[in-house]
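# Close look at the chain arrangement
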Amino acid sequence: MAPRQPIVPIGDGTYSLDLRDEERALIAAIVPDLRGLLADDPGDEMLTRLFPTARPDDPEAEAEYRELVRDDLVSKRLARLDIVAELAEATVLDQEQLAAWMGAVNDIRLVLGTRLEVTEDDEYDDDPESDDPEAVARSAYWYLGWLLEHLVEASASEL
């Protein structure tokens with residue numbers, strides 16, 4: 001049996017999005033959380049991976065950089081999240097919508113990874129007997145990585 005492909009190019013610049021109900025529910029639940037965090041407190045430490053330091057050696061230049069680009073970056077991320085929220089039940093995406101999904105899923109995964117303190121050394125653990133209180137969040141993190149991989153592959157197939 002071939003592995004499941006959650007997103008597949010249709011061939012006319014659109015993509016078939018085949019997510020299970022529980023996957024759509026997860027995305028629909030997580031998007032507003034990140035949206036709220038970005039809208040209410042874009043300086044929250046959970047957003048560190050979304051806004052990495054550009055000039056760690058020069059605090060003044062870093063502050064100037066943030067002042068120049070931070071609002072624009074927050075606006076773009078909020079717009080992507082709005083598109084995903086609007087299309088949580090969609091079964092077909094166009095290229096612009098696919099790009100929004102890729103960006104939003106990546107953003108969500110980065111914030112969740114920060115919250116979970118995920119490192120490059122972490123490996124997927126699907127042990128249902130795990131006593132990790134963050135097991136559900138970790139499963140969501142790994143799922144989002146899997147989904148992001150498929151979104152990127154589908155996008156790249158059209159190049």
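The structure this text deals with has already been given above.
No experiment lies behind these values; they were computed from the predicted model shown.

Once that is clear, we can look at the nonpolar core. Counting 38 residues, the largest nonpolar core has Ile7, Ile27, Leu34, Leu38, Leu93, Trp101 and Leu151 as its most contacted members. Of all elements in the fold, only strand S2 (14-17), helix H1 (21-40), helix H2 (59-86), helix H3 (95-116) and helix H4 (135-157) reach the threshold of two or more residues within this core.

Taken as a whole and judged by the stated rule, the model has nine salt bridges. Asp72 is the partner of Lys76 in a salt bridge, and the nearest nitrogen-oxygen pair spans 3.3 Å. With a gap of four residues between them, Lys76 and Asp72 both fall in helix H2, about one helical turn apart. Overall, the relative accessible area of 48% leaves Lys76 in the partly exposed class.

For the pair H1 and H4, the least separation of the axes is 12 Å and the interaxial angle reads 105°. When the interaxial angle is binned, H1 and H4 end up roughly perpendicular. On H4, the residues that touch Glu23, Leu26, Ile27 and Ile30 of H1 are Ala140, Tyr143, Leu144, Trp146 and Leu147. By residue class, the composition of the contact of H1 with H4 is eight nonpolar, no polar and one charged.

Rules and cut-offs
Residues numbered from 1 in each chain as written. Predicted model: local features only at pLDDT ≥ 70, side-chain atom pairs only at ≥ 80, totals over all residues. Heavy atoms only, no water. Core = buried A, V, L, I, M, F, W, Y, C linked by side-chain atoms within 4.5 Å. Buried < 20%, exposed > 50% of the residue type's maximum accessible area, 1.4 Å probe, protein only. Helix = DSSP H or I, 4+ residues; strand = E, 2+ residues; numbered from the N terminus. Salt bridge = Lys/Arg side-chain N within 4 Å of Asp/Glu carboxyl O. Axes fitted to C-alpha atoms, helices over the stretch in contact; angles between N-to-C directions. Parallel < 35°, antiparallel > 145°, perpendicular 65-115°, else oblique. Contact = heavy atoms within 4.5 Å. Nonpolar A, V, L, I, M, F, W, Y, C, P; charged D, E, K, R; others polar.

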